[in-house]
Amino acid sequence: MSDSKPELPNHLSVNPRSPHYVEECLQHDIGIRFKGKERNDVEEYNISEGWVKVSSPVAKDRFGRPMLVKLKGEVEAYYK
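Residues numbered from 1 in each chain as written. Predicted model: local features only at pLDDT ≥ 70, side-chain atom pairs only at ≥ 80, totals over all residues. Heavy atoms only, no water.

## Remarks on the pattern of salt bridges
Inspection of every chain in the model, using the stated rule, returns 4 salt bridges. Among the salt bridges present, the one from Glu76 reaches Arg33, with a minimum N-O distance of 3.1 Å. Of this pair, Glu76 sits in strand E7 (residues 75–79) while Arg33 sits in strand E2 (residues 30–34); the two residues are 43 residues apart in sequence, bridging distant segments of the chain. Lys80 is the salt-bridge partner of Glu38, the closest N and O atoms lying 3.9 Å from each other. (Salt bridge = Lys/Arg side-chain N within 4 Å of Asp/Glu carboxyl O. Helix = DSSP H or I, 4+ residues; strand = E, 2+ residues; numbered from the N terminus.)

Laid out in structure tokens, this is it:
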């Protein structure tokens, strides 16, 4: 059994409805470092544009799902 992991894409989302959802990558533990600190609440990231999206604690969209807030800064993604 090999432990080969696919290369992490520049843009990745945990939402299966997103065009940036890559199931092969999400089968492994992924760590996100945003502005030098570990984040565990990231829903989507883009390394080249330098942003992450996290769920809003209060705001909901019209379907009852949490709204995503875009935070800008240095993003680093890696396998744990």
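On we go.
## What about the side chain of Glu44?
Among the structural elements, Glu44 can be located in strand E4 (residues 42–46). Lacking a salt bridge, the buried Glu44 has Lys53 as its closest oppositely charged neighbour, with an N-O distance of 4.2 Å. Polar contacts involving the side chain of Glu44 include one to the side chain of His11, which spans 2.6 Å. With residues near it in sequence (within four places) discarded, Glu44 still touches His11, Leu12, Ser13, His20, Trp51, Val52 and Lys53. (Buried < 20%, exposed > 50% of the residue type's maximum accessible area, 1.4 Å probe, protein only. Lys, Arg positive; Asp, Glu negative; His and termini not counted. Polar contact = N/O pair within 3.5 Å; in protein donor to acceptor, adjacent residues only side chain to side chain. Contact = heavy atoms within 4.5 Å.)

## Here we look at the sheet that holds strand E3 (residues 37–39)
Read across the sheet, 3 strands follow the order E3-E2-E7 without closing on themselves; strand pairing throughout is antiparallel. Either end of the sheet is taken by a strand with one partner, and the two such strands are E3 and E7. Strand-to-strand, the axes of this sheet are offset by a mean angle of 35 degrees, without reference to chain direction. Sheet topology note: the E2/E3 ladder contains 3 bridges and is antiparallel. Note that in E3 the partner of Phe34 across the bridge is Lys37. (Pairing = 2+ DSSP bridges. Axes fitted to C-alpha atoms, helices over the stretch in contact; angles between N-to-C directions.)

## A closer look at the sheet that holds strand E6 (residues 66–72)
Taking strand neighbours across the sheet as the criterion, the 4 strands line up as E1-E4-E5-E6 in an open arrangement whose pairing is antiparallel. Only two strands of the sheet have a single neighbouring strand rather than two, namely strand E1 (11–13) and E6. Adjacent strand axes in the sheet meet at a mean angle of 30 degrees when their direction is disregarded. Bridge analysis of E1 against E4 gives 3 bridges, and the strand direction is antiparallel. Each bridged residue has a counterpart across the sheet, and for His11 the counterpart in E4 is Asn46.

Remember, this is a structural readout, not a statement about activity or role.
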